[in-house]
Amino acid sequence: MALVIRSVYNGFNTLFAEHSDPRAAHFPLMGDFGLAKVLLIMITYLYTVKKWGPRLMEKRAPFELKTTMNLFNIIQVFLNVYIATFGTYYSYLQRDFTFRCQPIDNTVVTPERLQLVFVSYVYFLSKILDLADTLFFVLRKKNNQITFLHTYHHAGMLLGTYIFSRFMSGSHSTLLGVINAYVHVIMYTYYFLTSFNSDLKNSIWWKKHITQLQMVQFLILIIHFAHPLLRKPECSHPRILFFIPMMQNVFMFLLFFDFYRKTYGIRRKPDKQANQ
């Protein structure tokens, strides 16, 4: 048993020593024991929203939190505008960046690439902030909205963006963060506006189309990661790191599609006999 633990420990040491991005090493949570800290945040989040939080709120009145949530939503809008704008500018608007197959290369230290590394790190931090979404559900006693899809998405994005920021900044996976930030700008703008317009809050049209937008996002990313897999290897990007995010986005698309079908599915029209 001790030999197994030692082998795993040495394997992680080698992984982080040889493959982690030195350009991001000075950021909080990106240094030594960063993965352990992120896993602790994720486990604490899941335990809080699934067990401890609902138990704590069981005999308490729900909190209103309208001002807090408005502030949260407007911060999310501006944060994601920053990520989307500068993420696009320092990646796909640069001559050395391509949609076709962008390799992992943490030796590039141009000012533009260093800015992209920082934007990638901010994107990771935004996923920690996203966890507050579920905490608001707990405090408002909206436990029916704490679904598997919701918690899996938030926990998975936290771990995924940590791996991206620690090992893969400026790589082919950059599009995931950029397109996700654009989607979140629209989504949190809608959430902010609903606090001032009850008709908008109850509008099925908006909810339905935001879900459709999220599914389109996953389809674009599936194609983005599948495209270099179907071609001959032409860059140094590991092919397994195309396959894993492609399958993850397939899984997310299926989860969102199932939610969409159950929530907004077209109902059968009543037949003539039933109308009579």
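Because the structure is a prediction, the values reported are computed rather than measured. (Residues numbered from 1 in each chain as written. Predicted model: local features only at pLDDT ≥ 70, side-chain atom pairs only at ≥ 80, totals over all residues. Heavy atoms only, no water.)

### Here's the deal with helix H10 (residues 240–264)
Link 1 in the chain: With 25 residues, H10 should cover 36 Å at 1.5 Å per step; its first-to-last C-alpha distance of 35 Å lies within 8% of that length.
Link 2 in the chain: Within the span of H10, buried status applies to Phe242, Pro245, Met246, Asn249, Met252, Phe253, Leu255, Phe256, Tyr260 and Tyr264.
Link 3 in the chain: Buried residues belonging to H10 abut helix H6 (148–167), helix H7 (174–194) and helix H9 (204–230). (Helix = DSSP H or I, 4+ residues; strand = E, 2+ residues; numbered from the N terminus. Expected span 1.5 Å × (residues − 1). Buried < 20%, exposed > 50% of the residue type's maximum accessible area, 1.4 Å probe, protein only. Contact = heavy atoms within 4.5 Å.)

### Overview of the packing of helix H2 (residues 34–57) against helix H5 (residues 132–139)
Link 1 in the chain: For the pair H2 and H5, interaxial distance at closest approach is 9 Å and the crossing angle is 15°. Viewed along their axes, H2 and H5 adopt a mutual orientation that is roughly parallel. Taken as a pair, H2 and H5 cross one another with a handedness that is right-handed. From H2, Tyr45, Thr48, Val49, Gly53, Pro54 and Met57 reach across to H5, where they touch Thr134, Leu135, Val138 and Leu139.
Link 2 in the chain: Broken down by class, the residue content of the contact of H2 with H5 amounts to seven nonpolar, three polar and no charged. (Axes fitted to C-alpha atoms, helices over the stretch in contact; angles between N-to-C directions. Parallel < 35°, antiparallel > 145°, perpendicular 65-115°, else oblique. Left-handed = near helix turned anticlockwise from the far one by under 90°. Nonpolar A, V, L, I, M, F, W, Y, C, P; charged D, E, K, R; others polar.)

### Thoughts on the nonpolar core
Link 1 in the chain: If you look at the biggest cluster of nonpolar residues, it comprises 31 residues, and the most contacted ones within it are Ile83, Leu176, Leu221, Phe225, Met246, Met252 and Phe256.
Link 2 in the chain: Considering each element in turn, this core owes the most residues, eight residues, to H10.
Link 3 in the chain: Residue contacts for Ile83: discarding those within four places in its chain leaves Thr88, Val119, Val122, Tyr123, Ser126, Gly177 and Ala181.
Link 4 in the chain: Formed by 19 residues, the second largest nonpolar core is a distinct cluster that contains Phe27, Met42, Leu131 and Val138. (Core = buried A, V, L, I, M, F, W, Y, C linked by side-chain atoms within 4.5 Å.)

### Some thoughts on the layout of surface pockets
Link 1 in the chain: Approximately 1,500 Å³ is the volume attributed to the largest pocket.
Link 2 in the chain: In this structure, the largest pocket is lined by 43 residues; those nearest its centre are Phe137, Gln145, His150, Tyr190 and Tyr191.
Link 3 in the chain: Every element with two or more residues in the lining of the largest pocket is listed here: helix H3 (66–89), H5, H6, H7, H9 and H10.
Link 4 in the chain: Looking at the lining of the largest pocket element by element, the count peaks at eight residues for H7.
Link 5 in the chain: Each residue belonging to the lining of the largest pocket can be placed in one class, and the counts come to 19 nonpolar, 15 polar and nine charged.
Link 6 in the chain: Its volume calculated, the second largest pocket comes out at about 660 Å³.
Link 7 in the chain: For the second largest pocket, the lining is made up of 27 residues, of which Gly160, Thr161, Leu176, Pro245 and Gln248 are closest to its centre.
Link 8 in the chain: No other element matches H6, which puts eleven residues into the lining of the second largest pocket. (1 Å grid on protein atoms, 1.4 Å probe; cavity = no way out; pocket = protein on both sides within 12 Å on 5 of 7 lines; lining within 4 Å. Points joined across faces, edges and corners; volume = space filled by probe spheres on them.)

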